[in-house]
Amino acid sequence: MNRFTWPLIIFVALVGLLAVGLNLNPREVPSPLIGKPAPDFKVAQLKNPEATFSPQEMRGKVWLLNVWASWCVSCREEHPVIVEYARKGLLPPVVGLDYKDKREDGLAWLSRFGDPYLLSAFDADGRVGIDYGVYGVPETYLIDKAGVIRFKQIGPITPEVMEKKILPLVKELDK
Amino acid sequence: MIPELGHFALLLSLFVALVMGILPLAGAQLCQHRWMALARPATTAAFLLIAFSFGCLTWAFYVSDFSVLYVASNSNTQLPTMYRLSAVWGGHEGSLLLWVLMLAGWSLAVAVFSRQLPEAMVARVLGVLGLVLAGLLAFVVFTSNPFDRILPPPAEGRSLNPLLQDPGLVYHPPMLYMGYVGFSVAFAFAIAALIAGQLDAAWARWSRPWTTAAWIFLTLGITLGSWWSYNELGWGGWWFWDPVENASFMPWLVGTALIHSLAVTEKRGSFKNWTVLLAIAAFSLSLLGTFLVRSGVLTSVHAFATDPRRGIFILILLAIVVGSSLMLFAARAPKVSLGGAFALVSRETFLLVNNVLLLVTCGAVLLGTLYPLIVDAFGLGKISVGPPYFNAVFVPIMLPVLALVAIGPVARWKHDDLKTILGRLWPAAIVAAAAGIALPWLAGGWNGAVGLGLALAGWIGAALVSQTADRLKKPGAPTASWWGMQLAHFGLAAFVVGVTLVSNYQEERDVRMEPGDTVMVGGYTFKFLGVREADGPNYRASVGSVELSRDGKTLGTLYPEKRDYGLGSMPMTEAAIDVGFTRDLYVSLGEPLTADRENGAWAVRVYFKPFVVWIWGGCLLMALGGLLAAADRRYRLRVKRTLPAPAGATA
Amino acid sequence: MKKKLKKFLRGGAAALAALMLAHAALAKEAAPLAEDPAVEQRMVKITEELRCLVCQNESLAGSQADLAKDLREEVRGLIKAGKSDDEVREFLVSRYGDFVLYRPQVKPVTYLLWGGPFLLLIAGIVALVRYLRRRNRQLTETPLSEEERQRAEALLKDNRP
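Residues numbered from 1 in each chain as written. Chains lettered and ligands numbered in written order. Predicted model: local features only at pLDDT ≥ 70, side-chain atom pairs only at ≥ 80, totals over all residues.

A. Spotlight on the overall build of chain C. Each helix and strand counted, chain C has six helices and one strand in total. Along chain C, from the amino end to the carboxyl end, the secondary structure elements read α-β-α-α-α-α-α. Burial analysis of chain C (161 residues in total) assigns 29% to the buried set. (Helix = DSSP H or I, 4+ residues; strand = E, 2+ residues; numbered from the N terminus. Buried ≥ 20, exposed ≤ 12 C-beta atoms within 10 Å, placed from the backbone.)

B. Spotlight on the pairing of strand β6 (residues 561-564) of chain B. All names here are of chain B. Sheet topology places strand β4 (residues 540-550) next to β6; four bridges connect them, and they run antiparallel. Looking at β6, one finds that A541 is bridged to R563. Alignment of β6 against strand β7 (residues 572-574), held across three bridges, turns out to be antiparallel. Within the sheet, the bridge partner assigned to K562 lies in β7 and is T573. (Pairing = 2+ DSSP bridges.)

C. Spotlight on the sheet that holds strand β10 (residues 602-610) of chain B. Ordered by their spatial adjacency, five strands build an open sheet running β8(B)-β9(B)-β10(B)-β1(B)-β1(C), and the pairing between neighbours is antiparallel. Of all strands in the sheet, those with a lone pairing partner are β8 (576-578) of chain B together with β1 (31-32) of chain C, marking the two edges. Note that β8(B) and strand β9 (residues 583-592) of chain B share three bridges and pair antiparallel. Along β9(B), the bridge assignment pairs I577(B) with Y586(B).

D. Here's a closer look at unusual backbone geometry. A cis amide bond links V137(A) with the next residue in sequence, P138(A), at an omega value of -5°. Residue position: P138(A) is located in the loop between α4 (127-131) and β6 (139-143). Positive phi values are uncommon outside glycine, yet D551(B) reaches one of about 50°. Relative to the helices and strands, D551(B) is located in the loop between β4 and β5 (553-558). Assessed through the 7 C-beta atoms surrounding it within 10 Å, D551(B) is described here as exposed. Unusually for a residue other than glycine, F611(B) sits at a positive phi of about 60°. Residue F611(B) is classed as buried on the basis of its C-beta count, with 22 C-beta atoms lying within 10 Å.

E. Spotlight on the packing of helix α2 (residues 37-48) of chain C against helix α3 (residues 66-80) of chain C. Residue and element names in this part refer to chain C. Closest axis-to-axis distance for the α2/α3 pair is 9 Å, and the angle between their directions is 125°. Taken together, α2 and α3 sit at an angle that is classed as oblique. Considering only the axes of α2 and α3, their crossing is right-handed. When α2 is examined against α3, the residues V39, R42, M43, I46 and T47 are found in contact with a partner set consisting of R72, V75, R76, I79 and K80. Residues belonging to the contact of α2 with α3 are distributed by class as follows: five nonpolar, one polar and four charged. (Axes fitted to C-alpha atoms, helices over the stretch in contact; angles between N-to-C directions. Parallel < 35°, antiparallel > 145°, perpendicular 65-115°, else oblique. Left-handed = near helix turned anticlockwise from the far one by under 90°. Contact = placed C-beta atoms within 7 Å. Nonpolar A, V, L, I, M, F, W, Y, C, P; charged D, E, K, R; others polar.)

F. The arrangement of α3(C) in detail. Residue and element names in this part refer to chain C. Look at α3: 21 Å from first C-alpha to last across 15 residues, which is about the 21 Å you get at 1.5 Å a residue. Those residues of α3 lying buried are L67, A68, L71, R72, V75, L78 and I79. Seen along its axis, α3 keeps its buried residues to an arc of 135°; they face one direction. A positive backbone phi angle near 85° is found at G82, which sits one or two residues after α3. (Expected span 1.5 Å × (residues − 1). Arc of directions from axis to C-beta.)

G. View of the interface of chain A and chain B. Residue-level contacts link 18 residues of chain A with 25 residues of chain B. Tallied by class, the residues present in the side of chain A that touches chain B amount to 14 nonpolar, three polar and one charged.

H. Spatial organisation of the sheet that holds strand β5 (residues 119-123) of chain A. Residues and elements named next belong to chain A. Taken together, the five strands give an open sheet; going across it, the order is β5-β4-β3-β6-β7, and neighbouring strands pair in mixed fashion. Edge positions in the sheet fall to β5 and β7 (149-154), since each of these pairs with one other strand and no more. Recorded for the sheet is a direction-independent mean angle of 20° between the axes of neighbouring strands. The sheet contact formed by β6 and β7 spans five bridges and is antiparallel. Looking at the pairing, I143 lines up with I149 of β7. On the sheet, helix α5 (residues 159-174) packs against β6 and β7 and is oriented at approximately 165° with respect to β7.

I. View of the pairing of strand β2 (residues 518-521) of chain B. All names here are of chain B. A one-sided burial pattern is seen for β2, the buried positions being V519 and V521 and the unburied ones T518 and M520. Relative to strand β3 (residues 524-535), β2 runs antiparallel, the two being bridged by four bridges. Within β3, the residue paired with T518 across the bridge is K527. Once β2 ends, the chain turns through two residues before running back antiparallel as β3, passing G522 with a positive phi of about 60°.

J. Looking closely at the packing of helix α1 (residues 6-22) of chain A against helix α12 (residues 308-332) of chain B. Running from N to C, α1(A) and α12(B) point in directions that differ by 175°, and their axes come no closer than 10 Å. Judged on the interaxial angle alone, α12(B) and α1(A) are roughly antiparallel. Judged by residue contacts, P7(A), L8(A), F11(A), V15(A), L18(A), A19(A) and L22(A) of α1(A) engage P308(B), G311(B), I312(B), L315(B), L318(B), A319(B), V322(B), G323(B), L326(B), M327(B), F329(B) and A330(B) from α12(B). Of the residues that constitute the contact of α1(A) with α12(B), the class distribution is 17 nonpolar, two polar and no charged.

Structure follows, in structure tokens:
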């Protein structure tokens, strides 16, 4: 071991770091909202424009807020998963948030692909999305009885995410 | 059929590269002349096979053979021929094949231009290149085969990313890769010298022109990339500190340090270990850049679609190539002699300080580039490190480098004293002070940043002039490489002027323009004449017309475009630029603000960019300086004089 | 800082002058795109240093993505509501995390990032000084061998044109 070994040592550390880095996803940005109260809002419902929805109404329940849109391609990948799990009764109440959409497009989308939602709130201008830090639809928030966000899925929910992350957490929160 | 031939040639070239990598190296160790003699023919064969393979892929693009998956994903029939052909390197697999082709090309060049080198040296250099080539070919063959078929073939290919449909794609990647890959030659020379235990002035002299050549290509490649983004992105930025830009900038910084350090090693026999380490580092950073771009560990505009297997493969390759080189270095370096003595005040010391500063800069860029990864790896969250960080860190370290550029060449080798040096530099100091104080006033208002920038540029420029005058008074014409150095340093001064002025005096205006509206920016009047719709080969364009005039005199018309390539891609902005020696006038078309596209109002962004071409002009001068240095006669006339030297060179 | 402020002021004044001219010359001088150039200047200054989450490699100021447009509008609103630059940044960080900041905040996680280059510089200088000292010592201990001297001479002669 001499001073000429230093470059090698530094290089080995670098390779170790890069090896760890290979297993990370740089595009996935964790939400700073996890562990914080879900931001409040009050917007019209999609199917019933006269009625409104606010997260306050879900107090005392564990529930999912699923952000979707008719223009969103990967939502079509995700939607059957939610429909399937909701049909089997495995899911807590799921509230949809139709994000930056046209009302008729959103309604058409639901009648075409199925409506697993308790109701869908309608976020025409995307303001609710901004408060929730939405940046890539679909996104899904798991909110506990006290109204605190416990988990956020960025991108489509796959059966794997459902089984390994969401359902166990729902079970735990439901206790 | 042709893609299969290409694939077969690729497999064959992997085999040939293994022969080229193993036998000559073993032959040099065991004094087997027949094995050593294989180096050149194997190199030629590897090059021809890879070139053939590359030709096959190009053919598949030319005839739009969509049964080849890579062609189907990166090209379509609508694409103009020029872009269809350069789409060969528009994606991961093809650009890697280009990488490999360049490596084989450099190896062939070494094989051809090394007639005067000792047999064992040639065998070792080509052997090392062969091993690297084999590693990369294995990467292509096992993880990134560009000839994979897709069945049934789609009727039409997916389009090439519109951002890449620019002449920049034709020139930028090949140039950049030539530079990246070119450092492999300096690397191979360094490893060969370490294996042989012959780190001497002759070795430095042999690797110098190769290093300079690679550096020229890298300089040009980076310059072209910068020019491309200036044209393409619609707001006239020329450097973004994007991870991939950094990946090409780091080898450039180390390569620049290497060129300077090689000068000392060749002339004075000093810094041998340091030079070897830099040669290893420059190529390692090229490989690291390849890893960063292709593994998906960092997000970047340039990043290719990622596949975890690729990341692992290339990381292992990186670990083997660089790890074994550094081990060899650690084993051999302690025995290397120190070379000529020099005093504390001497050109050697100044060059060493320059090297330290360049390396620190490179380290800072590396730290900033990898820091998000470090934070993430330790589970501490996600952060971004962007231009504000790099500018804050880069500029202060560069200032002393610029100050030294004037001092180094004035100082004498071996021994000098500060008084004499200052004596030679006082005219430059006066010019610098004048430039720093007076010019900003003339340019439009004094501020510290402009003052400092212009003072440093003046300092470098004036020192160059006075040094050149001194040199010409002495007998004998200076060598081409001396002129090359002067030119490159002059280019640096021009670059500094460009950066300083454009970042401080640029003017921009975002306006709503209806036909007939005018806007004044930087003393020029821009008159919007309207927009017409036009069809390009594979896009629809809205072409605006903007008439330029100054003091009532019409200067010409610019045609900024907004292009829609369809397929759900974002509209592309094609800025129109009136390039000038002292200013660029830059117009980019924004969104239409009314339903009537042809006669309605548009958002238009107009820039006045003083001296911005000096940025690329300066870089071109640097490259040109490199060319002069590499073309120096002494690299060609060395045959008889240096041949006896290597004997017993290790002390 | 000063530079930016000056630029900002100059830009604002120029834009204001342009606005006045536009009113005077009716459809001759083009109107600034922004309703309020001063707000726009501040918005650009803030969003230039923020990262767009959708494309991830463009600043919020430069991005054409829908979300970026919405966020720029949001920032304009916040500025008009009298929020300070820091408050605007905090608004975005609380929703999207530190990831949006191109200029990482100075806090324990980033000490190494901000201090690193200067540590490197110091380490470089220390290493350089130590190297020069050791080198001098070694060279005075073992002067050039005759052979080395000859080679050095030959090389030097070689380099003279």
